[in-house]
Amino acid sequence: MIDRLNEVTDGAVLQFHFTQRSYDKFKVRLYTEDSREEIRAIISEIFEEDFPYDAQLEVCFENSSMDVGINGKYAYFSNETSGQVEM
């Protein structure tokens, strides 16, 4: 999704983090310096195309770059349904 979003927006998203909150609820945090409303609309459209079942996406924006984890790596996805974090 982020690759497709960055293709359309010429690389507007600098960092991202997805969280699966439950089976059908997701949250994405985006760090970007571009038009947030345009990006929100585009990623929502991509999400609906990629996930045709009745899932929800909450889009949030960060004002600065996101921190790396304690292991020095950046996590792209976390799963609150099982407590796992995937790299």
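These numbers were taken from a predicted model, which means no experiment stands behind them.

> Is there a simple way to think about the overall build of the protein chain in this case?
Per the secondary structure count, the protein chain includes two helices and five strands. In sequence order, the protein chain lays out its α and β elements as α-β-β-α-β-β-β. A globule of 87 residues ought to have a C-alpha radius of gyration of about 12 Å, and the protein chain, at 13 Å, matches this closely. With respect to the three principal axes, the spread of C-alpha positions in the protein chain is 30 × 30 × 20 Å. Nonlocal contacts in the protein chain, meaning residues at least 24 apart in sequence, comprise 59% of its contacts between residues at least 6 apart. In the protein chain, which carries 8 positive and 18 negative side-chain charges, the distance between the mean positions of the two groups comes to 7 Å.

> Is there a simple way to explain the pairing of strand 1 (residues 13-22) in this structure?
A regular strand places its side chains on the two faces of the sheet in alternate fashion. Along strand 1, seven of the ten residues are buried, which leaves the element largely enclosed by surrounding structure. Where strand 1 lies against strand 2 (residues 25-32), eight bridges are found, and the strand directions are antiparallel. What sits directly across from glutamine 15, in strand 2, is tyrosine 31. Following strand 1, the chain reverses through two residues before pairing antiparallel with strand 2.

> Sorry if this is basic, but what is going on with the packing of aromatic side chains here?
Each pair of aromatic rings is reported with the distance of its centres and the angle of its planes. Inspection of every chain in the model, using the stated rule, returns seven aromatic pairs. Here the aromatic residues Tyr23, Phe26, Phe47, Phe51 and Tyr53 are joined through ring pairs into a cluster of three or more.

> So what exactly am I meant to see when it comes to the environment of tyrosine 23 here?
By secondary structure assignment, the location of tyrosine 23 is in the loop between strand 1 and strand 2. On the accessibility criterion, tyrosine 23 (64% relative accessible area) is exposed. Put simply, tyrosine 23 and alanine 12 are eleven residues apart on the chain and 28 Å apart in space, counted from C-alpha to C-alpha. Discounting chain neighbours no more than four positions away, the residues touching tyrosine 23 are Tyr53 and Thr81.

Conventions we followed
Residues numbered from 1 in each chain as written. Predicted model: local features only at pLDDT ≥ 70, side-chain atom pairs only at ≥ 80, totals over all residues. Heavy atoms only, no water. Helix = DSSP H or I, 4+ residues; strand = E, 2+ residues; numbered from the N terminus. Rg over C-alpha atoms; globule rule 2.2 N^0.38 Å. Contact = heavy atoms within 4.5 Å. Lys, Arg positive; Asp, Glu negative; His and termini not counted. Charge placed at Lys NZ, Arg CZ, Asp CG, Glu CD. Buried < 20%, exposed > 50% of the residue type's maximum accessible area, 1.4 Å probe, protein only. Pairing = 2+ DSSP bridges. Phe/Tyr/Trp six-rings, centres within 6.5 Å; stacked < 30°, edge-to-face > 60°.

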